[in-house]
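Coordinate analysis (summary)
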Amino acid sequence: FLRMHRNVLHRDISKGNVVYVNRPQNGTAEVRDTRARECKQPPVFARYFLGESDDPHETSALLIDFDNAKVLESKTDRDGSSRVGTAVFMARAVDLGSAVNFSPWLRPPTPKSPDPYAETYPERLERFKPEDEEEPMSRFFFESSKDSDRRVWRHELDHDVESVFWLMFYWALNARPKEDQNELVSCPTWSWLIGGARWREGLIFSFSANPNRKGAVHSAFQPLTDLISKLARVLQLERHWLDNSHPLNDPEYIVEAFQRLVLQFILDNRDEVFMGIEVDRQPRDVEETPGVYLRSATSQRANFENEKKRTRPKVDADNSNERGPLENHVEEDESLPDVDDTVDDTEENWQR
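For clarity, every value in this text was computed on a predicted model and none was experimentally measured.

Moving on, we come to the side chain of H57. Within the fold, H57 resides in the loop between α4 (46-49) and β4 (58-59). Using a relative accessible area of 9% as the deciding quantity, one classes H57 as buried. Here the side chain of H57 touches P43 through a polar contact of 3.0 Å, landing on its backbone oxygen.

Structure representation (structure tokens):
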């Protein structure tokens with residue numbers, strides 16, 4: 001809604017910028033702007049689709065802190081390629097400052113729309129028609145557009161949606177059931193998550209290829225890996241490489257696929273035991289592997305969750321992520337600054 005009706009990109013969807021309103025104690029948030037209610041497609045939230053509210057504009061999740069937001073008509077950011085956001089939740093392309101490298105890929109079919117969603121948005125069902133997975137595989141295979149190399153890359157809605165994916169994955173990875181044993185987060189998985197765009201790209205492909213991957217989340221939440229896998233498959237689409245006329249070269253396609261998949265997962269699993277498990281306030285610990293992954297989990301998490309902002313040195317997009325987790329980590333915890341990896345690489349900062 002913000003992007004398509006207000007021309008605003010948040011550009012820092014992260015752990016500290018999404019809050020949940022506890023409904024019984026504090027009520028819920030609601031869209032009160034009459035312009036939002038009267039627009040052609042006003043925002044409708046999950047409680048309405050789930051039958052938990054009669055008000056389609058009621059929500060318990062709030063997106064806050066628009067300090068890094070961008071109004072797309074603004075001329076202060078000429079090409080929209082600034083590396084802005086919180087590193088661990090940053091889209092791969094934003095981290096690189098350019099489109100993710102293209103390789104011929106087999107995209108997933110456009111997901112089916114849950115019934116409540118289709119009834120509310122029939123025009124979106126027509127615009128993004130569901131596809132049958134039984135159709136010939138050649139239908140889902142694509143190569144890059146001939147003019148894609150000449151296009152200027154910019155931060156778009158797709159990349160904010162990818163930040164939502166990393167936020168969901170971060171939560172799932174750290175979630176510890178309150179009344180269950182503390183299963184450690186595997187050091188390789190954690191290191192790949194924080195290791196930069198190239199390594200997180202490896203996570204995307206790993207989950208895409210293995211929907212039943214074990215060990216990434218606590219065993220009590222294992223069903224979440226099916227959703228993570230489906231969302232990861234969608235993120236293999238990089239619109240930058242598609243022909244302008246391609247039906248999927250639409251700024252709303254990835255967010256549409258995410259909305260359908262997440263809502264359908266909730267509808268299918270809302271009565272399952274894992275959906276009602278109380279989560280401990282303390283995150284899962286990360287396993288220590290001395291001599292292999294040298295940077296401690298405690299220092300890593302402190303860096304990511306610290307609320308201060310800082311700038312990050314600019315890097316060459318072609319070479320910034322060629323090193324693996326070992327080379328990117330320092331040897332002693334004492335040398336790690338107590339700041340997070342929130343970055344703002346605007347031209348103004350580079351001139352300082």
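Here the narrative resumes, following the displayed structure.
It is worth spelling out the packing of helix α9 (residues 187-194) against helix α10 (residues 197-209) at this point. Where α9 contacts α10, the two axes come as close as 6 Å, and the packing angle between them is 125°. It follows that α9 is oblique to α10 by the angle criterion. Together, T189, W192 and L193 of α9 and W199, R200, G202 and L203 of α10 make up the contact between the two elements.

With that settled, the discussion passes to the pattern of salt bridges. Between side chains of opposite charge, a pair can form when the charged atoms approach closely. The final tally for this structure, using the stated rule, is 15 salt bridges. Close ionic contact of R92 with E162 constitutes a salt bridge, the shortest N to O distance being 2.8 Å. In this pair, R92 is assigned in helix α5 (residues 92-96) and E162 in helix α8 (residues 157-174), connecting sequence segments 70 residues apart. You can call R92 buried: its relative accessible area is 5%. A cluster of three or more residues bridged by salt bridges with shared partners is formed by R124, R127, D250, E252, E256 and R260.

In this structure, F165, W166, F169, W190, L193, I254 and F258 are the most contacted members of the largest nonpolar core, which totals 45 residues. The element that contributes the greatest number of residues to this core is α8, accounting for 9 residues. Not counting residues up to four positions away in its chain, the partners in contact with W166 are V88, F89, M90, A91, L193, R200, L203 and I204.

How each quantity is defined
- All residue numbers refer to position in the chain's written sequence, counted from 1.
- The predicted nature of this model means local features are confined to residues of pLDDT at least 70 and side-chain atom pairs, given and counted, to a pLDDT of 80 or more, with totals for whole chains, interfaces and linings taken over all residues.
- Side-chain measures were taken over the full set of non-hydrogen atoms in the model, leaving aside hydrogen atoms and water.
- Here a helix means four or more residues in a row that DSSP labels H or I, a strand means two or more in a row labelled E, and each is numbered from the N terminus.
- Buried residues are those whose accessible area, probed at 1.4 Å on protein chains only, stays under 20% of the maximum for their type, while exposed residues exceed 50% and partly exposed ones sit between those limits.
- Each polar contact in these results corresponds to two N or O atoms within 3.5 Å; when the atoms are within protein, one needs to be able to donate a hydrogen and the other to accept it, and residues that are neighboring in sequence are counted only if both atoms are side-chain atoms.
- For helices, the fitted line uses only the C-alpha atoms of the stretch in contact; every axis is such a line through C-alpha atoms, and the angle between N-to-C directions lies from 0 to 180 degrees.
- By definition in this entry, angles of less than 35 degrees are roughly parallel, angles greater than 145 are roughly antiparallel, angles of 65 to 115 are roughly perpendicular, and the rest are oblique.
- Contacts are assigned to residue pairs that have any heavy atoms within 4.5 Å of one another.
- A pair is scored as a salt bridge if a Lys or Arg side-chain nitrogen falls within 4 Å of a carboxyl oxygen belonging to Asp or Glu.
- In these notes, a set of buried Ala, Val, Leu, Ile, Met, Phe, Trp, Tyr and Cys residues joined through side-chain atoms within 4.5 Å is what counts as a nonpolar core.

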